[in-house]
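Coordinates in review
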Amino acid sequence: MDQIKPGDIVARKSYGKDIFFKVKALTITDKGTTTAILRGLDVRLVADAPLDDLELQPAEEVLRYRHDDIQRHNLCIRRILQRRAVEKEALFTRSEEATAREKSADRQATPENFFEVPGRVLHLDGDEEYLDKCLHAYEQLKLPAHGVYVPEEQQANKVKDLLQEYTPDILVLTGHDGLLRERSNFSDLDSYRHSKHFVAAVKAARALRPGHDDLVIFAGACQSHYEALLKAGATFASSPLRVLIHAYDPVFVVERVAYTSIEKTLAPADIIKDTITGNEGVGGVEIKGKLRLGYPSSPY
């Protein structure tokens, strides 16, 4: 067996090598054996595994794995942009009709005369690499977002100050999570690596911004305690069936809210269908959109 070290890309043989991980650290157990701490390459899972269960992945396999992930991501982006184009045309048409009825414009209302103001996002992520990927996705989707790397266990202490600094419409609290191997009680927060930290962060945010219509919150990562997060005040959370969620799922959820008109209430199913994981990994409550139309646009 090749010597495995932090930074290597590996897969777990006991799980059929279905997910690729980056080795974050090596630890020594009480029995003197070495265990690797793993973080998913494309899913928000932190796990541990004995070294003899890991297989170092060759560069060509890692390249293929990353290529497949990029293809899934690009497909979701294209689908979102196509949906948004249809909704934008319908929204502008309604606005033109309203402007004409009111006769409040000095010139004919056209789509070029209006501008969009989508909801603003503050994204706290416990993984710096994932945060960079998400910020790139926000840019692709023309979604105003500010990202801050904050380890999961520190998010509750920092979220209030960040909310006051950036005053977002939408808050994302994510990173990595996972069920602990030695525990099996799905209702116990202590059975999860970071769910209790996400719950504490949601409660801290709600103490400052209590209403869902004021602040939309997405919270959680892979296998997170879905029910506890919703009870704490999250609008959307993972994971209803304790499955793994994709790194970009939080982005796709909040994009739908940010680019839906404030005149429309979204059902959770309408939002979740834009994610990679689907309703096994993400759920939530109905919410009003955050998109506002401005008029008239400025030539400057």
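Thresholds applied
- Residues numbered from 1 in each chain as written.
- Predicted model: local features only at pLDDT ≥ 70, side-chain atom pairs only at ≥ 80, totals over all residues.
- Heavy atoms only, no water.
- Pairing = 2+ DSSP bridges.
- Helix = DSSP H or I, 4+ residues; strand = E, 2+ residues; numbered from the N terminus.
- Contact = heavy atoms within 4.5 Å.
- Axes fitted to C-alpha atoms, helices over the stretch in contact; angles between N-to-C directions.
- Core = buried A, V, L, I, M, F, W, Y, C linked by side-chain atoms within 4.5 Å.
- Buried < 20%, exposed > 50% of the residue type's maximum accessible area, 1.4 Å probe, protein only.
- 1 Å grid on protein atoms, 1.4 Å probe; cavity = no way out; pocket = protein on both sides within 12 Å on 5 of 7 lines; lining within 4 Å.
- Points joined across faces, edges and corners; volume = space filled by probe spheres on them.
- Nonpolar A, V, L, I, M, F, W, Y, C, P; charged D, E, K, R; others polar.
- Salt bridge = Lys/Arg side-chain N within 4 Å of Asp/Glu carboxyl O.
- Parallel < 35°, antiparallel > 145°, perpendicular 65-115°, else oblique.
- Left-handed = near helix turned anticlockwise from the far one by under 90°.

Considering the sheet that holds strand E13 (residues 283-284)
The mixed open sheet is built from six strands, whose spatial order is E8-E7-E9-E10-E11-E13. Among the strands making up the open sheet, the edge pair consists of strand E8 (145-149) and E13. Here strand E10 (residues 216-219) pairs with strand E11 (residues 236-237) via two bridges, running parallel. From the neighbouring strand, Ala219 faces E11, where its bridge partner is Ala237. Helix H3 (residues 155-166) rests against strand E7 (121-125), E8 and strand E9 (170-174) of the sheet, and its axis sits at about 160° to E7. Helix-sheet contacts for helix H4 (residues 195-208) involve E9 and E10, and the interaxial angle to E9 is about 160°.

Brief notes about the nonpolar core
Leu38, Leu54, Tyr138, Phe218, Phe236, Phe252 and Val254 are the most contacted members of the largest nonpolar core, which totals 49 residues. Broken down by element, this core gets its largest block of residues, six residues, from helix H6 (residues 249-258). If we ignore the near neighbours within four places in the chain, the residues touching Val254 are Val121, Tyr138, Leu143, Ile170, Val172 and Phe218. Counting 25 residues, the second-largest nonpolar core is a separate cluster that includes Val150, Val159, Phe198 and Leu215.

Regarding the layout of surface pockets
Considering only enclosed or pocket space, the largest pocket measures out at about 290 Å³ in volume. Lining the largest pocket are 16 residues, and of these Arg12, Tyr15, Ala47, Leu179 and Gln223 lie nearest its centre. The biggest single contributor to the lining of the largest pocket is strand E4 (residues 46-50), with three residues. Considering only residue class, the lining of the largest pocket consists of nine nonpolar, one polar and six charged.

Some remarks on the pattern of salt bridges
A complete count under the given rule lists 20 salt bridges for this structure. Ionic pairing is found between Asp190 and Lys196, a salt bridge with its closest N-O pair at 3.9 Å. The closest approach of N and O atoms between Arg256 and Asp274, which form a salt bridge, is 3.3 Å. A residue pair is termed long-range when its members are at least 10 positions apart, and Arg256 in helix H6 and Asp274 in the loop between helix H7 (268-272) and E13 qualify at 18 residues. Look at Arg256 and you get buried, because its relative accessible area is 4%. On the accessibility criterion, Asp274 (5% relative accessible area) is buried. Where salt bridges share partners, they join Arg83, Arg84, Glu87, Glu255, Arg256 and Asp274 into one cluster.

Let's talk about the packing of H3 against H4
Packing of H3 against H4 leaves a shortest axis separation of 8 Å and a crossing angle of 30°. Judged by the inter-axis angle, H3 sits roughly parallel to H4. Crossing angle aside, the handedness with which H3 passes H4 is right-handed. Contact residues: H3 offers Gln155, Ala156, Val159, Lys160, Leu163 and Gln164, while H4 offers His197, Phe198, Ala200, Ala201, Ala204, Ala205, Ala207 and Leu208. Its residues placed into classes, the contact of H3 with H4 shows ten nonpolar, three polar and one charged.

A look at the sheet that holds strand E5 (residues 54-56)
Judged by pairing direction, the sheet is antiparallel, and its five strands sit side by side in the order E4-E3-E2-E1-E5 without closing on themselves. In the strand order of this sheet, the two ends are held by E4 and E5, each with one partner. Taken pair by pair, the neighbouring strands of this sheet meet at an average axis angle of 45°, ignoring direction. Relative to strand E3 (residues 34-40), strand E2 (residues 20-28) runs antiparallel, the two being bridged by seven bridges. By the bridge assignment for E3, Ile28 is matched with Thr34.

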